[in-house]
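Chain residues, written in single-letter form:
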Amino acid sequence: MALLEIDNLNRHFGGLHAVNNVSFSVEQGMIKAVIGPNGAGKTTLFNLIAGNLPANSGTVNFNSTKINGRKPYQIARLGISRTYQNIKLFHGMTALENVMLGRHIRSKAGFMAGMLNLPWTWPEEKQIKDRSMEYLDLLGVADCADIEVSNLAFGQQRGVEFARALATEPTLLLLDEPAAGLNIYETAEIGRLISKIRESGITILLVEHDMSLVMDISDEIVVLSFGEKIAEDLPHNIQQNEEVIRIYLGYEDV
Amino acid sequence: MDLWKRYIPVLFLLALVVAVQLITHFTETSYYLTQLTMSAYYSVVVIGLCVLMGYGGQISLGHAGFFAIGGYLAGALTTHSLLPIKSHGLVAFLHKIGLLVASKDLYGGDLLTVEPWAACIVAVFTAGIIALAIGGPVLKLKGHYLAMATLGFGIIIFRIALASAYFGEADGISGVPSFKLLPGLEVSGSFGARVLNYYIAWMVVIMGIILLLNLIHSRVGRALRSIHGAEEAANAMGVNTARYKLYIFVLSAVFAALAGVLVTHYNGGIGPSEAGVMKSVRYVAIVAVGGMANLWGALIMGIVLNFLSLRGVFGSYDDAVFGVILIVIMLFAPEGILNINPWQRLKSLFSLLAAKPGENTTE
């Protein structure tokens, strides 16, 4: 049984079929990429998986449980974490606090315990902090820990967002254009990082425009065009797929 | 230690409270303590609202409504005599378990009313339940829609207070007895208890602020602030944002209701103006002046502005002043006045002038 199974998923906005009968699956431990031109439905697909949008029909199964129809926070608790194309950090909070939010589902101090500052919450709080620092460190942004996130450079913000997603200890990590806005060195760095995350046992599904990155790190690629899946194959074969070349480069005959 | 950093300002506040009392004692200006006591109670509403607005990012233009629910219920329960329905099963039962007290009214008539502690619990609990009931649907709204919905709630409470005979219509409720918290510790407006009540009020404020400081620095507080920062991402991190918003709404309503109960006992009564929309606007304005996500700012501004207002400094333009404050703050200091860097402001003003050299020469 694959970790994530998407079966005949549909979502339309008025007359626009943003995701049209898409089916594919992601095996445990792989890096799978979803590519396609702008407006192909990639981000919509992510929003359907993460529960931000309801599907019109079809199913998303995670660990053999149907997850579509559940709320995003419930899906997060099942072990799916994500990053956003246009970074969504918690403004007004420091980098460390942002990552500490990632530990939310791994800790349990409640409303009353927090208000009364009960001693049993102290070790938990310390643990949240220590673990969060480890993730910041892993992403090379530990220096920024006490800086309010709006004041960070773009690359650092991306690092903090990554750290936050990892801090939830996900089984499946959804990365929406992790290399967007990064230069070639940073992109290569992100590539190494993603491979490293996979080695730690986390399955990855990513949407990406940067072809060299996708070809480099993915085990399998799904190609979407106008909401439909037009190919699903190994990177090597995708590079040679005529249909894919056509939608990316345009028609050959003029 | 972080914990020390959190509580040191509380110790300062405590010292300041004592110092102010001593100063008024030696300068024989202890009449100020009355307004300081009331300002302290109003500040309890303000700090509760501050956590809802500044940290949770949810506005409420109906908090005077919760204040009024607390105040009016406590006032009505401890004032209206239950003697005419004494034979009713429930009343008899309450009397038997000691939740009712017999007393005399001004003219020597017999009264049988609810014990203030019981009334306080009922009043605060009712406010919490009402907040829970309306918060569920209303907090699905955002921005001005939420503002309008809570405004509507505030207006309903105001009109109920004004229209029902039980709550005294336009006269409100008077003759509310004192509230014996503990033996020897009584919330009352009597002259002799002025100093004591000043300290009671400030103890309530200090306890409130410690609870809220703990909350915003806890796991739950972080989750609340994350909702303010980016609700969608908070959800994706596993935070049940709807539930947290509801919790904090109820908590701030409970703070407001508790303040309402205590003010009513302190003043010996409550009138419909306490439930008015302008009061809600005032609380929002104070939180804004304090800097939204700044508990201490809200507290300081709550004390200062309420004190000035109660002293009558703003005269009959009282409500207008708070409206002006709200406009000015939104325009010039959306981060609150305690966050203004005056030097920065001056510099930007000058650079603005320098940018238009043509206009200077025409002068």
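The model shown is predicted, which means the values in this text are computed figures rather than measured ones. (Residues numbered from 1 in each chain as written. Chains lettered and ligands numbered in written order. Predicted model: local features only at pLDDT ≥ 70, side-chain atom pairs only at ≥ 80, totals over all residues. Heavy atoms only, no water.)

Engineer: What exactly am I supposed to notice about the sheet that holds strand β4 (residues 57-62) of chain A here?
Structural biologist: In any sheet, the strands associate via hydrogen bonds between backbone groups, in a parallel or an antiparallel arrangement. Residues and elements named next belong to chain A. Taken in spatial order, the 4 strands of this open sheet run β2-β1-β4-β5, and their pairing is antiparallel. A strand with exactly one partner marks an edge of an open sheet, and here the two such strands are β2 (16-26) and β5 (65-66). Examined bridge by bridge, strand β1 (residues 4-13) and β2 share 7 bridges and lie antiparallel to one another. Pairing of Ile-6 across the sheet is with Phe-24, part of β2. Packing of helix α1 (residues 42-50) onto the sheet brings it into contact with β1, β2 and β4, and relative to β1 it is tilted by some 115°. (Pairing = 2+ DSSP bridges. Helix = DSSP H or I, 4+ residues; strand = E, 2+ residues; numbered from the N terminus. Contact = heavy atoms within 4.5 Å. Axes fitted to C-alpha atoms, helices over the stretch in contact; angles between N-to-C directions.)

Engineer: Which parts of the structure should I look at to understand the environment of Gly65(B)?
Structural biologist: Residues and elements named next belong to chain B. Mapping Gly-65 onto the fold places it in helix α3 (residues 63-79). You can call Gly-65 buried: its relative accessible area is 0%. Spatially, the C-alpha atom of Gly-65 lies 16 Å from that of Ile-47, the residues being 18 residues apart in sequence. For Gly-65, the residues in contact, after removing those within four places along its chain, are Phe-153, Ile-157 and Ser-280. (Buried < 20%, exposed > 50% of the residue type's maximum accessible area, 1.4 Å probe, protein only.)

Engineer: Before we go on, may I ask you to explain the side chain of Arg219(B) in this structure?
Structural biologist: You can see Arg219(B) is positioned in helix α8 (residues 219-229). Although Arg219(B) is buried, it makes no salt bridge; Glu124(A) carries the closest opposite charge, 4.9 Å away. Here His104(A) takes part through its backbone oxygen, which lies 2.8 Å from a polar atom of the side chain of Arg219(B). In this structure Arg219(B) touches His104(A), Ser107(A), Lys108(A), Ala109(A), Glu124(A), Glu125(A) and Tyr244(B), once residues within four positions along its chain are discounted. (Lys, Arg positive; Asp, Glu negative; His and termini not counted. Salt bridge = Lys/Arg side-chain N within 4 Å of Asp/Glu carboxyl O. Polar contact = N/O pair within 3.5 Å; in protein donor to acceptor, adjacent residues only side chain to side chain.)

Engineer: Just to check I follow, could you spell out the pairing of β1(A) for this structure?
Structural biologist: Residue and element names in this part refer to chain A. Linkage of β1 to β2, two consecutive antiparallel strands, is achieved through a turn of 2 residues, within which Gly-14 is found at a positive phi near 60°. Pairing of β1 with β4, which is carried by 5 bridges, proceeds in the antiparallel orientation. Bridge pairing links Ile-6 to Val-60 in β4.

Engineer: Looking at this structure, how should I read the packing of aromatic side chains?
Structural biologist: Two descriptors summarise a pair of aromatic rings, namely the distance from one centre to the other and the angle between the planes of the rings. What the rule picks out here adds up to 15 aromatic pairs over all chains. Ring geometry for Tyr41(B) against Tyr266(B): centres 6.3 Å apart, planes inclined by 65°, an arrangement best described as edge-to-face. With a gap of 225 residues between them, Tyr41(B) in helix α2 (residues 32-55) and Tyr266(B) in helix α10 (residues 241-267) connect regions that are remote in the sequence. Here Tyr41(B) matches Tyr266(B) in class, with each residue buried. Its guanidinium or amino end placed over the ring of Phe90(A), Arg164(A) lies 4.5 Å from that ring's centre, counting from NZ or CZ. For Arg6(B), the ring lying beneath its charged end belongs to Tyr7(B), and the centroid distance is 5.8 Å. (Phe/Tyr/Trp six-rings, centres within 6.5 Å; stacked < 30°, edge-to-face > 60°. Lys NZ or Arg CZ within 6 Å of the ring centre and 35° of its normal.)

Engineer: It is not clear to me how the pattern of salt bridges should be interpreted in this structure. Could you clarify?
Structural biologist: It is possible for side chains of opposite charge to pair when their charged atoms get near one another. Residue and element names in this part refer to chain A. Taken as a whole and assessed by the stated rule, the structure comprises 19 salt bridges over all chains. Ionic pairing is found between Lys-32 and Glu-220, a salt bridge with its closest N-O pair at 2.7 Å. In this pair, Lys-32 sits in strand β3 (residues 31-35) while Glu-220 sits in strand β9 (residues 220-225), placing the two residues 188 residues apart along the sequence. Linking Arg-198 and Asp-219 is a salt bridge whose minimum nitrogen-to-oxygen distance equals 2.6 Å.

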